[in-house]
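Listed below, chain by chain, are the residues.
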Amino acid sequence: MQLQDIVPWGRSFEEYRDMFLLTDADLQKAVLGCGDGPAAFNAQLTKVGGNVISADPVYRFSTQEIRSRVRGVCPEIVREVSKNFDDYIWESIHDIDHLVQVRMEAMARFFDDYEKGKQAGRYINASLPELPFGDNAFDIALCSHYLFLYSDHVSLEQHILSMKELCRVAHEVRVYPLVTLDGSRSQYVSPIIESLVADGVDVSFQKVRYRFQKGADEMLVVK
Ligand SMILES: C[S@@+](CC[C@H](N)C(=O)[O-])C[C@H]1O[C@@H](n2cnc3c(N)ncnc32)[C@H](O)[C@@H]1O
């Protein structure tokens, strides 16, 4: 994988808490953040004593390399969000300048923690659908803004294999959002559920607190 293929763009711990309805009890558990990229979730949860590992192919790159890629994608993301301004709910994030500020603050927290966390084994270079972890190594696996969102770039087969891999490494899997980049529900939601249910796992949808992309108000929970 080339760095140019990756869109690193990171959210804050508070956004993760709201996207995945994480309770204080959840935050005491062994958590995997899959596709965390430059999000601040790992840095901030670790700071308050959490037990979290992030897995992402972008972690094969150095701080400088990821930082310069973030600088490169930022104008592109700003352009896209501005073009599709009405597809977002501008409440807790007020406008485009505020969006950039919130994301840059979250990513600054990641960059401050990245080298230290890599040495501690908290940032692992790995890609779905194959993760270098044992069966049930985690209580909860979270996947934010990778599966479903990129349905036009990641095939159904890759989605199914990825969901099964997340179910192998964690007792519970939460995925958000279930919409694609254009805000419509991913066409993969139904076939994936069928495939998971056939494996005998429990699948449900839960409304979440997080609101930004219109239509993105649910997470998928697999146990
Ligand atoms: C839009 S970012 C989301 C980052 C973070 N989860 C958040 O919500 O702030 C998408 C992330 O998915 C990661 N990614 C791409 N391909 C992946 C794969 N095969 N397995 C795991 N993560 C992948 C990218 O490197 C990138 O960091």
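Conventions adopted
Position numbers for residues count from 1 along each chain, tracking the sequence in the order it is written. The predicted nature of this model means local features are confined to residues of pLDDT at least 70 and side-chain atom pairs, given and counted, to a pLDDT of 80 or more, with totals for whole chains, interfaces and linings taken over all residues. Hydrogens and water are ignored here; the side-chain numbers use all heavy atoms of the structure. When DSSP finds two or more bridges between a pair of strands, those strands are recorded as paired. For helices the rule is a DSSP run of H or I covering at least 4 residues; for strands it is a run of E covering at least 2, with both sets numbered from the N terminus onward. Helix span, expected: 1.5 Å multiplied by one less than the number of residues in the helix. In this analysis the local bend is the angle between axes fitted, respectively, to the seven residues ending at and the seven residues starting at the residue. For every residue, the accessible area (1.4 Å probe, protein chains only) is compared with the maximum for its type, and the residue is labelled buried under 20%, exposed over 50%, or partly exposed between those bounds. In this description, contact between two residues means that some pair of their heavy atoms is separated by no more than 4.5 Å. Each patch is assembled from residues with relative accessible area greater than 30% and no salt bridge, linking like charges that lie within 9 Å and nonpolar side chains (Val, Leu, Ile, Met, Phe, Trp, Tyr) that lie within 5 Å. Per-residue and other accessible areas were derived by the Shrake-Rupley procedure at a 1.4 Å probe size, with only the shown protein chains allowed to occlude residues. By definition, a salt bridge exists where a carboxyl oxygen of Asp or Glu is found within 4 Å of a side-chain nitrogen of Lys or Arg. Note that His is not counted, nor are the chain ends; the positive residues are Lys and Arg, and the negative ones are Asp and Glu. To locate a charge, the coordinates of NZ of Lys, CZ of Arg, CG of Asp or CD of Glu are taken. Side-chain atoms alone can form a polar contact between residues adjacent in sequence; in general such a contact is a pair of N or O atoms within 3.5 Å, and within protein one must be able to donate a hydrogen while the other accepts it. Near is defined per residue: the residue qualifies when any heavy atom it owns lies within 4 Å of the molecule or strand.

Named according to an unreviewed UniProt entry, the protein chain is SAM-dependent methyltransferase originating from Prosthecochloris marina.

Draft legend 1. Looking closely at the sheet that holds strand β6 (residues 203–207). Strand order across the open sheet formed by seven strands is β3-β2-β1-β4-β5-β7-β6, with mixed pairing between neighbours. Each having just a single partner strand, β3 (123–124) and β6 make up the two edges of the open sheet. When strand β1 (residues 30–34) meets strand β2 (residues 51–55), the two strands line up parallel, connected through five bridges. Bridge assignment links L32 to a residue of β2, and that residue is I53.

Draft legend 2. Looking closely at helix α3 (residues 63–83). Compared with an ideal rise of 1.5 Å per residue, which puts 21 residues at 30 Å, α3 spans 30 Å between its outermost C-alpha atoms and is within 8% of the ideal. Taking the largest bend as the criterion, α3 deviates by roughly 30 degrees, centred on V73, and proline P75 comes between one and four positions later. Regarding α3, the residues found buried are T63, I66, R69, V70, V73, C74, I77 and V81. In this fold, the buried residues of α3 make contact with α4 (96–119).

Draft legend 3. Highlighting a negative patch on the surface. On the surface, D86, D87, D152 and D182 cluster together into a patch of negative charge. Looking at the element boundaries, D86 is found in the loop between α3 and α4.

Draft legend 4. Structural detail: the side chain of N42. If you trace the backbone, N42 turns up in helix α2 (residues 41–47). On the accessibility criterion, N42 (1% relative accessible area) is buried. Setting aside its immediate chain neighbours within four residues, N42 contacts V52, I53, S54, D113, R122 and Y123.

Draft legend 5. Spatial organisation of the environment of R211. Among the structural elements, R211 can be located in the loop between β6 and β7 (218–222). Given the relative accessible area of 34%, R211 is considered partly exposed. Between the C-alpha atoms of R211 and E15, which are 196 residues apart in sequence, the distance is 9.3 Å. Beyond its immediate sequence surroundings of up to four residues, R211 is in contact with I89, S92 and D217. Here V208 takes part through its backbone oxygen, which lies 2.8 Å from a polar atom of the side chain of R211.

Draft legend 6. Main features of the environment of F41. Its location among the elements puts F41 in helix α2. Between the C-alpha atoms of F41 and I53, which are twelve residues apart in sequence, the distance is 9.9 Å. In contact with F41, not counting residues within four places along its chain, are R11, F13, Y16, L22, V31, D36, V52 and L142.

Draft legend 7. Up close: the site of the ligand. The immediate surroundings of the ligand are formed by 19 residues, with R11, G35, D56, L128 and S144 found nearest. A distance of 2.9 Å separates a nitrogen atom of the ligand from a polar side-chain atom of Y16. Here a nitrogen atom of the ligand sits 3.2 Å away from a polar atom, N or O, in the side chain of Y146. About the coverage of the ligand: the protein hides 94% of its 600 Å² of free accessible area.

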